[in-house]
Amino acid sequence: MRIYLVVMDETEEAKQALRFASMRAMKTGGSVHILALVPQQTFNAFGGVQATIEQEARERAEVMANNAAGNIFGEMGKMPVIAVRPGSPADVIAKYLEEHGSIAALVLGTAKESGKDPLVAHFAARAASLPCPLYLVPGNLSREQLDELA
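Residues numbered from 1 in each chain as written. Predicted model: local features only at pLDDT ≥ 70, side-chain atom pairs only at ≥ 80, totals over all residues. Heavy atoms only, no water.

## What to know about the sheet that holds strand β2 (residues 31–38)
As a general point, the strands of a sheet are linked pairwise by backbone hydrogen bonds and lie either parallel or antiparallel. A sheet is described by the order of its strands in space; here 5 strands give the open sequence β3-β2-β1-β4-β5, paired in parallel fashion. In this open sheet, the two edge strands, each paired with only one partner strand, are β3 (81–86) and β5 (134–137). Neighbouring strand axes in the sheet, compared pairwise and without regard to direction, differ in orientation by 25 degrees on average. Bridge analysis of strand β1 (residues 3–8) against strand β4 (residues 103–109) gives 4 bridges, and the strand direction is parallel. Of the residues in β4, the one forming a bridge with I3 is I103. Sheet strands in contact with helix α1 (residues 12–28) are β1, β2, β4 and β5, and its direction is about 165 degrees off that of β1. (Pairing = 2+ DSSP bridges. Helix = DSSP H or I, 4+ residues; strand = E, 2+ residues; numbered from the N terminus. Axes fitted to C-alpha atoms, helices over the stretch in contact; angles between N-to-C directions. Contact = heavy atoms within 4.5 Å.)

## Some thoughts on α1
In this model, α1 (17 residues) spans 24 Å end to end at C-alpha, consistent with the 24 Å of a helix rising 1.5 Å per residue. The set of residues buried in α1 consists of A14, Q16, A17, L18, R19, F20, A21, S22, M23 and A25. Just downstream of α1 lies G29, where phi reads positive at about 75 degrees. (Expected span 1.5 Å × (residues − 1). Buried < 20%, exposed > 50% of the residue type's maximum accessible area, 1.4 Å probe, protein only.)

## A short note on the packing of helix α3 (residues 89–99) against helix α4 (residues 118–125)
The geometry of α3 relative to α4 is characterised by a closest axis approach of 10 Å and an angle of 50 degrees between their N-to-C directions. Classified by the angle their axes make, α3 and α4 are oblique. Judged by the twist between their axes, the crossing of α3 over α4 is right-handed. Every residue of α4 that contacts α3 at P89, A90, I93 and A94 is listed here: L119, H122 and F123. Residue composition of the contact of α3 with α4, grouped by class: 6 nonpolar, 1 polar and no charged. (Parallel < 35°, antiparallel > 145°, perpendicular 65-115°, else oblique. Left-handed = near helix turned anticlockwise from the far one by under 90°. Nonpolar A, V, L, I, M, F, W, Y, C, P; charged D, E, K, R; others polar.)

## Some remarks on the nonpolar core
Core analysis: the largest hydrophobic core is formed by 28 residues, its most contacted members being V6, M8, L18, V32, I34 and V107. Elements supplying a minimum of two residues to this core: β1, α1, β2, α2 (47–76) and β4. Those residues in contact with L18 that lie beyond four places of it in its chain are V6, M8, V32, I34, A68 and I72. Residues A90, I93, F123 and C132 belong to the second largest nonpolar core, which totals 19 residues. (Core = buried A, V, L, I, M, F, W, Y, C linked by side-chain atoms within 4.5 Å.)

## Quick look at the environment of E113
Position of E113 relative to the elements: it lies in the loop between β4 and α4. For E113 and N140, which are 27 residues apart along the polypeptide, the C-alpha to C-alpha distance reads 8.9 Å.

## What about the pattern of salt bridges?
Counted under the stated rule, the structure contains 3 salt bridges. We note a salt bridge from D147 to R19, for which the minimum N-O separation is 2.6 Å. With D147 in helix α5 (residues 143–149) and R19 in helix α1, the pair connects residues that are 128 residues apart, well separated along the chain. The class of R19 is buried, set by a relative accessible area of 13%. Residues R85 and E99 are paired through a salt bridge, measuring 3.0 Å at the closest nitrogen-oxygen approach. With R85 in strand β3 and E99 in helix α3, this pair connects stretches of sequence that are 14 residues apart. Among the residues examined, R85 registers a relative accessible area of 23% and is labelled partly exposed. (Salt bridge = Lys/Arg side-chain N within 4 Å of Asp/Glu carboxyl O.)

These values are about where atoms sit, not about what they do.
As structure tokens, then:
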């Protein structure tokens, strides 16, 4: 079974990538894994405050991933696997790919404006060493175009 890994955040490009991956999975009999990233905090507050900030970030990521999963379930009838992980985005994704050797493709969406995709740039530069293909979904495609391509 083909597994498509989508990195989920609150951006439109992530939603585009998720749409493409879910349609592709539906057409190929595959499934989707959603990896929601918990942003690293760039400052250190007092212990209790820091823990609260990190917990709130984790909860936001979980809610976002569960909402996205519910949308997929509504369309595909199949619930995606959800993982919520803290850390540096590139490191978390690389580790997830390493842990899940059966992933068929890493699916990332590109922004409508160039130069706004640090993850895309990072993984495109390392595509030859990835354990699976990298799919880049253009951010300027309509829903109909996405569905047609999938």
